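# Coordinates in review
Single-letter residue listing:
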Amino acid sequence: MSLKQIDQLLKPRSVAVIGASNLPNRPGNAVMRNLLQGNFAGPIMPVTPKYQAVNGVLAYRSIDALPEVPDLAIICTRAARVPALIQQLGKKGTRSVIVIAAGLDEVHTAQGTTLQEQMLAIARHWGVRVLGPNCLGLFVPGIGLNASYAHTHALSGKIAFVSQSSAVCVTILDWARRRSIGFSHFISLGDGADIDFDELIDYLGRDPNTRAILLYIDSIRDGRAFMSAARAAASNKPILLIKAGNSAEVGAAISRLPSQQRGADRVYDAAFRRAGMLRVQDLRDLFAAVETLAYGRELRSEKLVILGNGNGPEAMAADAMIERGGHLATLSDETEAELRRLVPRGGRAGNPVNLLGDASPELYRRALDVILASGEADNILVMHAPSALHASDVYAEAVIEAYQAHRGRKPNLLVNWMGEEAAYLARERFAKAGIASFRTPEGAVAAFMYRVQYRRNQKLLSETPDSVSELIPHHPDAVRTGIAEALKENRLSLSPEEASALVSAYGIQTLSSDSGEAAPEAYHEDVALRIQVRVDPVFGPIIALGEAGVSTDWQHNAVVALPPLNMALARYLVIQALAEGKLRERRQPLERHSLCLLLSQVSQLVVDNPELVSLDLQPVVMRRGVYTALDVSAVLAPADQAKPLAIRPYPKELEQRVTLKDGRSVMLRPIRPEDEARQQAFDRSLNREDRYNRYFGEVSEFSHEQMARVTQIDYDREMAFIATERDARGEEVTLGVVQAQMDPDNQQAEFGIAIRSDMKGQGLGRLLLSKMIAYCQASGTRELFGQTMRQNSGMANLARGLGFKVRFDADEDVIEMRLTL
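The present account deals with the structure reproduced in this document. (Residues numbered from 1 in each chain as written. Predicted model: local features only at pLDDT ≥ 70, side-chain atom pairs only at ≥ 80, totals over all residues. Heavy atoms only, no water.)

### Regarding the overall build of the protein chain
- What the protein chain contains, in helices and strands, is 26 helices and 35 strands.
- On C-alpha atoms alone, the protein chain measures out to a radius of gyration of 30 Å, which is about the 28 Å that the 2.2 N^0.38 rule sets for 821 residues.
- Considered along the principal axes of its C-alpha atoms, the protein chain spans approximately 80 × 80 × 65 Å.
- For the protein chain, the residues scored as buried account for 57% of the 821 residues in total.
- Considering only contacts in the protein chain between residues 6 or more positions apart, those separated by 24 or more positions represent 70%.
- Summed over its atoms, the accessible surface of the protein chain is roughly 34,600 Å², and 49% of this surface lies on carbon and sulfur atoms.
- Computing the positive centroid from 93 side-chain charges and the negative centroid from 97, the protein chain places the two 5 Å apart. (Helix = DSSP H or I, 4+ residues; strand = E, 2+ residues; numbered from the N terminus. Rg over C-alpha atoms; globule rule 2.2 N^0.38 Å. Buried < 20%, exposed > 50% of the residue type's maximum accessible area, 1.4 Å probe, protein only. Contact = heavy atoms within 4.5 Å. Areas by Shrake-Rupley, 256 points an atom, 1.4 Å probe, with all protein chains shown as cover. Lys, Arg positive; Asp, Glu negative; His and termini not counted. Charge placed at Lys NZ, Arg CZ, Asp CG, Glu CD.)

Spelled out as structure tokens, the structure:
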């Protein structure tokens, strides 16, 4: 991955069009026309031997004849010419190419490879990055770049859209222009043979001009890279997506991947949830979500106030809200009293507020004024059914004026102007005013609830899990020995006794390990569950939870999660299973904590043993609050054939016991989500000077959300080591921490370090920073750098002693430390 090359693709200073044409129905003509009409500031260079000029621009007969090296080349020729053209472009020095042609993976060369394989081999040789093939191109409206053959232009805005489907691209584009919705980037990925979702999500997640990311996905090639990029981006800005090909039949029809590489839709769903993204089901919902993202403000609460002129539409909106798990706001007695003075007899001053069908534009304005002035509404939906008394756009103008005139904190405002012809002008007014408008009550509520669901997902993912790691054995020697012996004997299916021994080693109760040796009928027959482990071709190992005794088809009869699981994620899975009916309600409620512990134990088993490709615990029954697997089966595969986890698990192998100068034994280990409370206590233990040096100023105590970001890290792209010891009560306490954030290219990592104020002079800082240096070296990071306050001479001396180049930056008034690795 190289974000520098993605930056060159999306911010080119010059563009060449290979195969430019004056024929009106050719891609080479449309691309040239769009580039010229987009007000792109850099040189646009058509390349064709057929014409002296294309669209009035002097043409060049060959790539070699170009007067300068283009940052970006758009190849508009037939597929057969693409590999040779990339060879020429690579030799010229161009490093970013868009390929319009389709079908390169279906045409074979004389060497037995496909055109696509040949194209990629040449591109890799020259360091050329390819967008496509089979793509529409891309737009970056902020720099006037329309490098596509689309029928229209994209407006400038704060939303990025990336799609594998060119048809969906032009549909969204056409709709967005009508609604005056703009984009920071609009990218047709096509077949994604080289540049794929993960790199673009990484780039857009860091782009300050992008507020939200929309995706249309047919399939994903690299589940782990996708998850790492998506988790990082979704923690900072909303990512909404449509995933097509939900059924096997449709997936086979639309995906460019063979069936054994496509993955199950249930697993895609689990991956999207785990990454914190939000999946919508169709284009209508995506349009609605885009509207709120384009014009909406950050949600402060999930409650909604409805104001309208008809009971029926308001009831439909309220019903849709409740069905989706939303909540109506409760207005205070004072606010209702104010509204009661305005609302005609027969109307309603409570939420939903009904002004009746003959309400005037002035009544709308005054009622909205009251709600805005109360400060009780964080989110407002204003609805209007057509009236013979005034045109719909007059009502719209009254609402716009009231909202814009409000001087206090502005809430989220959504509007639903019903009708078609009667509402057309009103919707145009709302679009120009930057207010999200919808055709139906249900559409407005659905759009609002998508934002609510995103907010809830982020809260769930940042929840601090219970600490149970000490209750779960890690890498039991007997398990590793047993698996090795079975694979040596080429026995891929373990015997029931071996399978039971395998799970028992992780603390999972089986019938043979039950100390009471109870017969199966002695267990509570009302609780019979099934837990399965399978391997998905895209996202690797998954854990499925459902009822015992039903069909073995986990894709339809179970909920799915990606390991590793902690107690919070396991609880989320159980709640999801109950909500979706995959686990039924029982006379005796499930003992949820024990079930979550069991799922965490299964997760650790999967993490430790990549050779495990299938595991069945069925039935799993409950007795005295303890779950027992009555039957266990397991299937293995050689480790070199194993599919890696989509999310890198806690790297226990990096734990290290060290000795301080005073003889104390301290554990250095990677940080875990369960460490949040310890980190809060550690942060509070720092004195004012240490906090100032660490955070470059006065910083208040971290909130739960902020501390969750510190402790819940992606080990694929960042690392934090903490030093811990046991206190007099046997509780683990944090003594120091060093963190490093790698860039997506793993070229640089920025570090920060803090030591508890009473631990200085023990050599702990040197131990922690040395450990981070060793880790970055082993990970292939090129450079480790950091900054500290000018007065922090102790940090500067520590860094200098470990080989850092230390210099004072007078412009920033900080000490800069750099170590080439």
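On we go from here.
### Thoughts on the sheet that holds strand β31 (residues 732–742)
- Strand order in the open sheet formed by 8 strands is β28-β29-β30-β31-β32-β33-β35-β34, and the pairing between neighbours is mixed. In the strand order of this sheet, the two ends are held by β28 (656–659) and β34 (805–809), each with one partner. Between one strand axis and the next, the sheet turns by 25° as a mean value, whatever way the strands run.
- Where strand β30 (residues 718–726) meets β31, 9 bridges bridge the pair, whose relative direction is antiparallel. Its bridge partner being in β31, E718 is matched across the sheet by Q741.
- Strands β29 (665–670), β30, β31 and β32 (748–755) of the sheet are contacted by helix α22 (residues 676–685), whose axis makes an angle of about 95° with β31. (Pairing = 2+ DSSP bridges. Axes fitted to C-alpha atoms, helices over the stretch in contact; angles between N-to-C directions.)

### Section: the side chain of Q532
- Mapped onto the elements, Q532 comes out in strand β22 (residues 524–536).
- Overall, the relative accessible area of 4% leaves Q532 in the buried class.
- A polar atom in the side chain of Q532 sits 3.1 Å from the side chain of R534. (Polar contact = N/O pair within 3.5 Å; in protein donor to acceptor, adjacent residues only side chain to side chain.)

### A closer look at the pattern of salt bridges
- In the structure shown here, the tally under the stated rule is 45 salt bridges.
- E338 is the partner of R341 in a salt bridge, and the nearest nitrogen-oxygen pair spans 2.8 Å.
- For R341, a relative accessible area of 62% translates into the label exposed.
- Between D675 and R669 there is a salt bridge, with its nearest N and O atoms 2.7 Å apart. (Salt bridge = Lys/Arg side-chain N within 4 Å of Asp/Glu carboxyl O.)

### A closer look at helix α20 (residues 567–579)
- Taking 1.5 Å per residue as the helical rise, α20 with its 13 residues ought to reach 18 Å, and the 18 Å between its terminal C-alpha atoms agrees with that figure.
- By the burial criterion, the buried members of α20 are M567, A568, L569, A570, L573, V574, Q576, A577 and L578.
- Near the N-terminus of α20, the side chain that reaches the backbone nitrogen of A568, with its oxygen 3.1 Å away, is that of N566.
- G581 lies just past α20 and shows a positive phi near 75°. (Expected span 1.5 Å × (residues − 1).)

### Focus: the packing of aromatic side chains
- Overall, the coordinates contain 14 aromatic pairs when judged by the stated rule.
- Judged by centre distance (5.1 Å) and plane angle (45°), the rings of F161 and F186 are tilted. Residue F161 is found in strand β10 (residues 155–163), and its partner F186 is found in strand β11 (residues 182–188); the two are separated by 25 residues along the sequence. The pair F161 / F186 is uniform in exposure class, with both members buried. (Phe/Tyr/Trp six-rings, centres within 6.5 Å; stacked < 30°, edge-to-face > 60°.)

### Thoughts on the sheet that holds strand β6 (residues 96–99)
- An order of β2-β1-β5-β6-β7 is seen for the 5 strands of this open sheet, with the pairing classed as parallel. Looking along the sheet, the strands with just one partner apiece sit at the ends: β2 (44–47) and β7 (129–131). On average, adjacent strands in this sheet sit at an angle of 20° to one another, irrespective of strand direction.
- Across 4 bridges, the pairing between strand β1 (residues 15–18) and strand β5 (residues 72–75) is parallel. Bridged to V17 within β5 is I74.

### Focus: the packing of helix α10 (residues 283–295) against helix α16 (residues 441–461)
- For the pair α10 and α16, interaxial distance at closest approach is 8 Å and the crossing angle is 65°. With respect to their mutual orientation, α10 and α16 come out roughly perpendicular. α10 and α16 meet at a crossing whose hand is right-handed. For the pair α10 and α16, contact is made by D285, A288, A289, T292 and L293 and by G443, A447, F448, Y450 and R451, respectively.
- Considered class by class, the residues forming the contact of α10 with α16 number 6 nonpolar, 2 polar and 2 charged. (Parallel < 35°, antiparallel > 145°, perpendicular 65-115°, else oblique. Left-handed = near helix turned anticlockwise from the far one by under 90°. Nonpolar A, V, L, I, M, F, W, Y, C, P; charged D, E, K, R; others polar.)

### Comments concerning the pairing of β11
- Among the 7 residues of β11, 7 are classified as buried, and the element is accordingly described as predominantly covered.
- Pairing geometry for strand β8 (residues 137–140) and β11, over 2 bridges, is antiparallel. Note that in β11 the partner of L138 across the bridge is I187.
- Taken together, the 7 bridges between β10 and β11 define a ladder with parallel strand orientation. Directly across from I159, in β11, lies its bridge partner F183.

### A short note on the nonpolar core
- With 65 residues, the main nonpolar core has I74, I98, L138, L215, F226, M277 and F539 as its most contacted residues.
- Sequence-distant contacts of L215, defined by excluding residues within four places in its chain, comprise F161, V162, F197, I201, F226, I239, L240, L241, I242 and M277.
- Counting 51 residues, the second largest nonpolar core, distinct from the first, contains F161, A289, V290 and L293. (Core = buried A, V, L, I, M, F, W, Y, C linked by side-chain atoms within 4.5 Å.)

### Re a positive patch on the surface
- Residues R26, K50, R78 and R81 make up a contiguous surface patch of positive charge.
- Residue position: R81 is located in the loop between β5 and α3 (82–92). (Patch = residues over 30% accessible without salt bridge, like charges linked within 9 Å, V, L, I, M, F, W, Y side chains within 5 Å.)

### What to know about unusual backbone geometry
- Here the amide bond leading from P563 into P564 is cis, since omega sits at 5°, within 30 degrees of zero.
- With respect to the helices, strands and loops of the structure, P564 is situated in the loop between β24 (558–561) and α20.
- For the bond from Q618 to P619, the omega torsion is -10°, close enough to zero to count as cis.
- Counting through the fold element by element, P619 comes out in strand β25 (residues 612–623).
- Phi at N134 takes a positive value of approximately 60°, unusual for a residue other than glycine.
- Not every positive phi belongs to a glycine, and L356 is a case in point at roughly 75°.
- Note on placement: L356 falls in the loop between β17 (353–354) and α13 (361–374).

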